[in-house]
Amino acid sequence: MPVVAEPEQESEAQLEARFEAVINRKDRVEPRDWMPDAYRRTLVRQVAQHAHSEIIGMQPEGAWIGRAPSLRRKAILLAKVQDEAGHGLYLYSAAETLGVSRQELTEMLISGRQKYSSIFNYPTLSYADVGTIGWLVDGAAICNQVPLCRTSFGPYGRAMIRICKEESFHQRQGYELLMTMMRGTDEQRAMVQESVDRFWWPSLMMFGPPDDESPNTARSMAWGVKTHTNDELRQRFVDMTVPQAKALGVTLPDPELVWNEERGAHDFGQPDWDEFWDVVKGNGPCNAQRVAHRKKAWDDGAWVREAALAFAAGDGSDTSSDTSSDTSDGPRTA
Ligand SMILES: [Fe+2]
Ligand SMILES: [Fe+2]
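So, here's what we can say about the structure. All values reported here derive from a predicted model rather than from experimental measurement.

1. Side note on the coordination of the iron ion (ligand 1)
Line of reasoning, step 1. All of the protein donors around the iron ion (ligand 1) are Glu 54 (OE), Glu 84 (OE), His 87 (ND1) and Glu 167 (OE); their distances to the metal are 2.0 to 2.2 Å.
Line of reasoning, step 2. For the iron ion (ligand 1), the four donor atoms in the first shell make angles of 85 to 141° at the metal, so the coordination geometry reads as irregular.
Line of reasoning, step 3. Each donor residue of the iron ion (ligand 1) belongs to the same chain, with the gaps between them written as E-x29-E-x2-H-x79-E.
Line of reasoning, step 4. Metal-to-metal, the separation of the iron ion (ligand 1) and the iron ion (ligand 2) is 3.3 Å; Glu 84 coordinates the two. Pair noted here: Glu 54 is in helix α2 (residues 37-56) and His 87 is in helix α4 (residues 71-96), with a separation of 33 residues, a long-range link.
Line of reasoning, step 5. Under the relative-accessibility criterion, Glu 54 is labelled buried at 6%.
Line of reasoning, step 6. Look at His 87 and you get buried, because its relative accessible area is 0%.

See the structure below:
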């Protein structure tokens, strides 16, 4: 192993210059690299908020697993909801590389100090909502997350690559469910339209407030944490979704939605931003229910965490020579 001379202590300015150079090269910042405190704080907030959204987002759809209309639909929905749990775990792991623990993050979620996506504070009222969430909510998530595969913090970007692959399965399963219902009865078509009417505006809100009301965007973009503004991504989502709605045969509930030849993009109306801020502040239809459910699961799981910690600390060491639970057919050596 080559012997490398200890580098001299770098000054704050040198460290900062090195960090800036990494960002400017569009290279990745890794957990052990020096980074400005504000960059670390921004990432903890963003990655935690993202992880919380994956975990809380299991609730509105999980509620339909027991009521899925066929074994096939149940298997699809179960796989989808399990994927979201996996996304939460990758993202908590990415956040942990920044020096926070999952316990701290979960406590911040259940005490309301950290947020999750406002979309999950809306209820799922019919089975069509499973399809609409897959199509619109996972679709919006894809628009948001594909650019994040190139975000400047390495563990976050790498987690996003796998997550995005799974999100495209989620979007397709939602679209396929809605397509099946649209080919069904008048009642099924009405269910789909009613669901799309409820989820369209909250889906547009998923990109966050308009650029002129999003004070952190400029700094996040300078750091390479974000690569597109909220309004750019919202536009991309609308342009992607309109032809899909047409193929499906549903109407998007926006009278201002029209193709703008000059811009080569759709013009569209603005969501009710007062409603958005109200939901963000905790007053959406399901905020209290979502957080209470998460808190109960956290409290109910306390004994599992305690047992795992006790085992890791050595209290369970006598099981190392115990093969009584070994189900293999080989000879017992104990
Ligand atoms: Fe996800
Ligand atoms: Fe998803």
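2. Points about the coordination of the iron ion (ligand 2)
In an ideal tetrahedron of four donors about a metal, each angle is 109.5 degrees. In an ideal octahedron of six donors, the angles are 90 or 180 degrees.
Line of reasoning, step 1. In the first shell of the iron ion (ligand 2), the protein supplies Glu 84 (OE), Asp 138 (OD), Glu 167 (OE) and His 170 (ND1), at 1.9 to 2.2 Å from the metal.
Line of reasoning, step 2. Given four donor atoms and angles of 88 to 157° at the metal, the environment of the iron ion (ligand 2) is assigned as irregular.
Line of reasoning, step 3. Of note, the iron ion (ligand 2) draws all its donor residues from one chain, in the sequence arrangement E-x53-D-x28-E-x2-H.

3. What about the pattern of salt bridges?
Line of reasoning, step 1. A complete count under the given rule lists 16 salt bridges for this structure.
Line of reasoning, step 2. Residues Glu 84 and Lys 80 are paired through a salt bridge, measuring 3.3 Å at the closest nitrogen-oxygen approach. With Glu 84 and Lys 80 both in helix α4 and four residues apart, the pair spans about one turn of that helix. Here Glu 84 matches Lys 80 in class, with each residue buried.
Line of reasoning, step 3. For Glu 194, the salt bridge identified is with Arg 198, shortest N-O distance 2.7 Å. A residue pair is termed a helical-turn pair when its members lie 3 or 4 positions apart in one helix, as Glu 194 and Arg 198 do in helix α8 (residues 186-205) at four residues.
Line of reasoning, step 4. Look at the salt bridges and you will find they share partners, linking Glu 61, Lys 80, Glu 84 and Asp 138 into a network.

Quick notes on the rules
Residues numbered from 1 in each chain as written. Chains lettered and ligands numbered in written order. Predicted model: local features only at pLDDT ≥ 70, side-chain atom pairs only at ≥ 80, totals over all residues. Heavy atoms only, no water. Donors = N, O, S within 2.8 Å, 3.2 Å for Na, K, Ca; no water. Tetrahedral: all angles 85-135°; square planar, octahedral: opposite > 155°, others 65-115°. Helix = DSSP H or I, 4+ residues; strand = E, 2+ residues; numbered from the N terminus. Buried < 20%, exposed > 50% of the residue type's maximum accessible area, 1.4 Å probe, protein only. Salt bridge = Lys/Arg side-chain N within 4 Å of Asp/Glu carboxyl O.

Purely geometric stuff here, so don't read any function into it on its own.
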